[in-house]
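Structural features, examined
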Amino acid sequence: MSYRRGALIVLEGVDRAGKTTQCMKLVQALQQSGRPAEMIRFPDRTTKIGQLISAYLEKKHNLEDHTVHLLFSANRWELEPMIRQKLEQGISLVVDRYAFSGVAFTSAKPGFSLEWCMSPDVGLPRPDLVLFLELNPAVAAQRGEFGAERYETSEFQKAVMQRFQQLMKDPSLNWQVIDAAKSIEDVHAEIKTHSEEAAEAAQHQPIAELWK
Ligand code: ADP
Ligand code: FDM
């Protein structure tokens, strides 16, 4: 069977680690090497659910913590048919945050277990590669002050980082930790190598399900 699907490549990491910069460079590099590729990001603030999330992040209104967690997950599920369709058409998707941010951020709040936080995202398309851009908070701070959005405090980000460390222990996923303190070009080179390997390996495999 000459089944050539696109790869699902996720970038995760702390705030200002360079996720958006690297997603854009990776899409360009994949396209230049002849692989159709597109970028998506979560939350996708353009949908109705995304607009509710965006207003919450901008502190324009409050939402109960379980509710907002489920909205973030619903925002991924509403794009799931599009994600699956693009991958099946041979388009690789480079994703700026995914269910791992979902779990890490909510479970950093008091009273939330990893298991509860993972459950609404079980069964989403499983990424072929998850790149974790690791950056010391002091270096991240030199890249700009925290903005005014919800979650942008160093104490909360520290708790989020601990949850990411727990998620990275999962052997069912291809996690790669990248030193995001290096130059933009050096980080890009590393990400590109991992991504090309993952895309090669993925192209003859069916799309798997996350955490299943
Ligand atoms: P994120 O999406 O993870 O929040 P961005 O890609 O928006 O991060 O980058 C945050 C800031 O840091 C931007 O001003 C960007 O130009 C800068 N930046 C990104 N990568 C690097 C790097 N490797 N070294 C120095 N500055 C960087
Ligand atoms: N975030 C992001 C969550 O809390 N849950 C999620 O499922 C996702 C995808 O939203 F603070 C948080 C993480 C971050 C904010 O900010 C999104 P950016 O700047 O748009 O990545």
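Residues numbered from 1 in each chain as written. Chains lettered and ligands numbered in written order. Predicted model: local features only at pLDDT ≥ 70, side-chain atom pairs only at ≥ 80, totals over all residues. Heavy atoms only, no water.

**A look at the site of ligand 1**
This is how it is decided: We call a residue near a molecule or strand whenever a single non-hydrogen atom of that residue lies within 4 Å of it. Whenever a nitrogen or oxygen atom comes within 3.5 Å of another N or O atom, the pair is scored as a polar contact, on the condition that within protein one atom can donate a hydrogen and the other can accept it, and that pairs from neighbouring residues in sequence are kept only if both atoms are in side chains. Residue exposure ignores everything except the shown protein chains as possible cover, and the areas themselves are Shrake-Rupley values with a 1.4 Å probe. Any residue outside Ala, Val, Leu, Ile, Met, Phe, Trp, Tyr, Cys, Pro, Asp, Glu, Lys and Arg is labelled polar, Gly included; the first ten of those are nonpolar and the last four are charged.
Residues in close proximity to ligand 1 total 13 residues, the closest being Arg16, Lys19, Thr20, Thr21 and Lys182. Within the contact set of ligand 1, an oxygen atom lies 2.8 Å away from a side-chain nitrogen or oxygen of Thr20. The separation between an oxygen atom of ligand 1 and a polar side-chain atom of Thr21 is 2.5 Å. In the complex, 66% of the free accessible area of ligand 1, which totals 560 Å², lies under the protein chains. Partitioned by chemical class, the residues of the shell around ligand 1 number four nonpolar, four polar and five charged.

**Looking at the sheet that holds strand S3 (residues 92-96)**
This is how the line gets drawn: By definition, two strands form a pair when at least two bridges between them are found by DSSP. Secondary structure elements follow DSSP: runs of H or I of four or more residues count as helices, runs of E of two or more count as strands, with numbering from the N terminus. Fitting a line to C-alpha atoms yields each axis, with helices limited to the stretch in contact; the angle taken between N-to-C directions then spans 0 to 180 degrees. In this analysis, two residues are considered to be in contact whenever any of their non-hydrogen atoms come within 4.5 Å of each other.
The strand order S2-S3-S1-S4-S5 describes an open sheet built from five strands, whose pairing is parallel. Each having just a single partner strand, strand S2 (37-41) and strand S5 (175-179) make up the two edges of the open sheet. Here the average twist between neighbouring strands, direction ignored, is 20°. Across five bridges, the pairing between strand S4 (residues 129-134) and S5 is parallel. By the bridge assignment, Val130 is partnered in S5 with Trp175. The strands touched by helix H1 (residues 19-32) are strand S1 (8-13), S2, S3 and S4; relative to S2, the strand with the most contacts, the crossing angle is about 160°. Strands in contact with helix H5 (residues 99-107) are S1, S4 and S5; relative to S1, the strand with the most contacts, it is inclined by about 30°.

**Things to note about helix H8 (residues 154-167)**
Put simply, the test is: Helix span is expected to be 1.5 Å times the residue number reduced by one. The buried label applies to any residue whose accessible area, calculated with a 1.4 Å probe on protein chains only, is under 20% of its type's maximum; exposed applies above 50%, and partly exposed to all values in between.
With 14 residues, H8 should cover 20 Å at 1.5 Å per step; its first-to-last C-alpha distance of 20 Å lies within 8% of that length. Burial in H8 covers these residues: Phe156, Gln157, Ala159, Val160, Met161, Phe164 and Leu167. Contacts made by the buried residues of H8 are with S1, H5, helix H6 (114-118), S4 and S5.

**Structural notes on the site of ligand 2**
Surrounding ligand 2, one finds Phe42, Pro43, Arg45, Leu57, Phe72, Arg76, Arg97, Ser101, Gly102, Phe105 and Tyr151. Note that an oxygen atom of ligand 2 is positioned 3.1 Å from one of the side-chain N or O atoms of Arg45. Note that an oxygen atom of ligand 2 is positioned 2.8 Å from one of the side-chain N or O atoms of Arg76. In isolation ligand 2 offers 480 Å² of accessible surface; the protein chains occlude 90% of this area. Among the secondary structure elements, those contributing two or more residues to the shell around ligand 2 are helix H3 (65-77) and H5. Ranked by the residues each element gives to the shell around ligand 2, the list is headed by H5, at three residues. Here the shell around ligand 2 is composed, by residue class, of six nonpolar, two polar and three charged.

**A word on the packing of aromatic side chains**
As a reminder, the rule being used: Ring pairs are drawn from Phe, Tyr and Trp, using the six-membered ring of Trp, whenever the two centres fall within 6.5 Å, and their geometry is named by plane angle: stacked under 30 degrees, edge-to-face over 60, tilted for the rest. Charges are assigned to positions over rings by a cutoff of 6 Å between ring centre and Lys NZ or Arg CZ, combined with an angular limit of 35 degrees from the ring normal.
If you walk through the whole model with that rule in mind, you get eleven aromatic pairs. Both rings, one in Phe132 and one in Phe164, keep their centres 5.0 Å apart while their planes meet at 55°; by these two values the pair is tilted. Taken as a pair, Phe132 in strand S4 and Phe164 in helix H8 lie far apart in primary sequence, 32 residues in all. The cationic tip of Arg16 hangs over the ring face of Phe146; the distance from NZ or CZ to the ring centre is 4.3 Å. Above the plane of the ring of Tyr56 lies Arg150, whose end atom (NZ or CZ) is 3.8 Å from the centre.

**A closer look at unusual backbone geometry**
Following Phe42, the chain continues to Pro43 via a peptide bond in cis, the omega torsion being 0°. You can see Pro43 is positioned in the loop between S2 and helix H2 (48-57). Positive phi is not limited to glycine here, since Trp211 has a value of about 55°. Within the secondary structure, Trp211 sits in the segment after helix H9 (184-202).

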